[in-house]
Amino acid sequence: MVDASADTGTCAVCVVHGERSLVANLAAANNFKAAHVQKPENWAAVESSRVVYSAGFFITVSPESIMAAAKHCAEHDKVYCMNLSAPFIMQVPPFKKALMDALPYVDYLFGNENEAAEFAKSEGWKTTDIAEIALQISRMPKQNGSRGRTVVVTQGSAPTVVAVNGRAVQYPVIALPKDKLVDTNGAGDAFVGGFLSQLVCGKSIEECVRAGNYAANVVIQRNGCTFPATPDFVWA
């Protein structure tokens, strides 16, 4: 989609000792319209997909597009995935409402420990235990009953928590010496990309998490969200 009235969005990134802060100017990205998704040539991509993923940031731009894709997935027994993306999604009432409207259609929900804690706070839950929060989210009402909701919470260097079917399992991440940490920018998105690369191939949760941890581990050892020309991930 091209919006001639606005510039392409930009994002300033400040990295200090491997940790990053972001300042985003959404610009044209903030003008996305649901009508663009609903064009036959674009909606065909949704219809031909088995797995659909949306970042939570998109909630601030086009909730209508999210709901269209999410409902399609539920109606056709496809997999819909979403990311909490940032604590402010839970802190701003209109954004939280859009998230909760979409949540019944979400099969896989991703987030980090800060986002999960903010979700719990916004729901009035008293617990700060990440595994318990993940379990409670996984048990929330779901539109498509053919599969349980899987909630995946990354915790930086602490184990990744996966909650599904009444059980929360912790998966250790790949250990990395502090002097190897270059830039955490894109680590969460890289994890999700690695995870989904195995999910679409029908791999187990263990393999999905292994691929996610691999991708995140590679990204944080490089400047910017980049990968080496030849990955060394070994498929099971």
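All of these numbers come straight from a predicted model, not from anything done at the bench. (Residues numbered from 1 in each chain as written. Predicted model: local features only at pLDDT ≥ 70, side-chain atom pairs only at ≥ 80, totals over all residues. Heavy atoms only, no water.)

**Student:** Got a minute to help me understand unusual backbone geometry in this structure?
**Tutor:** Excluding glycine, a negative phi dihedral is what most residues carry, and trans is how most peptide bonds are arranged. Despite not being glycine, A27 shows a phi value in the positive range, around 50°. Assignment of secondary structure puts A27 in the loop between β2 (19–25) and α1 (34–38). Positive phi outside glycine occurs at D77, with the angle close to 55°. Structurally, D77 is set in the loop between α3 (63–75) and β4 (79–83). (Helix = DSSP H or I, 4+ residues; strand = E, 2+ residues; numbered from the N terminus.)

**Student:** How do you make sense of the nonpolar core when you look at a structure like this?
**Tutor:** In globular proteins that are soluble, nonpolar side chains generally tend to be buried together. Y80, M82, L99, L109 and F119 are the most contacted members of the largest nonpolar core, which has 35 residues in total. Breaking this core down by element, the ones donating at least two residues are α3, β4, α4 (87–91), α5 (93–102), α6 (113–123), α7 (130–138), β6 (150–155) and β7 (158–164). If sequence neighbours within four positions are ignored, M82 has contacts with Y53, S54, I59, I66, L99, A102, V106, Y108, L109 and F110. Core analysis: the next-biggest nonpolar cluster, separate from the first, contains 16 residues, V162, Y171, F191 and I205 among them. (Core = buried A, V, L, I, M, F, W, Y, C linked by side-chain atoms within 4.5 Å. Buried < 20%, exposed > 50% of the residue type's maximum accessible area, 1.4 Å probe, protein only. Contact = heavy atoms within 4.5 Å.)

**Student:** Looking at this model, I keep getting lost on empty space enclosed by the protein. Mind explaining?
**Tutor:** In this approach, a probe sized like a water molecule rolls over the atoms, and the result shows the empty space that is left. Applying the stated rule across the entire model yields one cavity of 30 Å³ or more. Of the pockets and cavities examined, the largest cavity occupies roughly 30 Å³. Lining the largest cavity are L84, L109, F110, G111, A116, I137, V151, V152 and V153. Of all the secondary structure elements, the ones that give two or more residues to the lining of the largest cavity are β5 (108–112) and β6. Partitioning the lining of the largest cavity into residue classes produces eight nonpolar, one polar and no charged. (1 Å grid on protein atoms, 1.4 Å probe; cavity = no way out; pocket = protein on both sides within 12 Å on 5 of 7 lines; lining within 4 Å. Points joined across faces, edges and corners; volume = space filled by probe spheres on them. Nonpolar A, V, L, I, M, F, W, Y, C, P; charged D, E, K, R; others polar.)

**Student:** Which parts of the structure should I look at to understand the environment of S197?
**Tutor:** Turning to its location among the elements, S197 is positioned in helix α8 (residues 187–199). The partly exposed category is assigned to S197, whose relative accessible area is 27%. Between the alpha carbons of S197 and V173 there is a distance of 18 Å; along the sequence they are 24 residues apart. If sequence neighbours within four positions are ignored, S197 has contacts with A211 and W235. A polar contact of 2.6 Å, which involves the side chain of S197, links it to the backbone oxygen of G194. (Polar contact = N/O pair within 3.5 Å; in protein donor to acceptor, adjacent residues only side chain to side chain.)

**Student:** Looking at this structure, I do not really get α8. What am I missing?
**Tutor:** Compared with the 18 Å implied by 1.5 Å per residue over 13 residues, the 18 Å span of α8 between its first and last C-alpha is a close match. Every buried residue belonging to α8 is among A187, A190, F191, V192, G194, F195, L196, Q198 and L199, and all of these are buried. Those residues of α8 that are buried are in contact with β3 (51–54), β4, β5, β6, β7 and α9 (205–219). (Expected span 1.5 Å × (residues − 1).)

**Student:** I keep staring at the sheet that holds strand β8 (residues 167–171) and nothing clicks. Help me out?
**Tutor:** Note: strands within a sheet are paired through backbone hydrogen bonds, in either parallel or antiparallel orientation. If you trace the six strands from one edge of the open sheet to the other, you get β3-β4-β5-β6-β7-β8, paired in mixed fashion. If you trace the sheet from one side to the other, it starts and ends with β3 and β8, each paired once. Neighbouring strand axes in the sheet, compared pairwise and without regard to direction, differ in orientation by 15° on average. Here β3 runs beside β4; their pairing, made up of four bridges, is parallel. The residue bridging V52 from the neighbouring strand is Y80, located in β4. (Pairing = 2+ DSSP bridges. Axes fitted to C-alpha atoms, helices over the stretch in contact; angles between N-to-C directions.)

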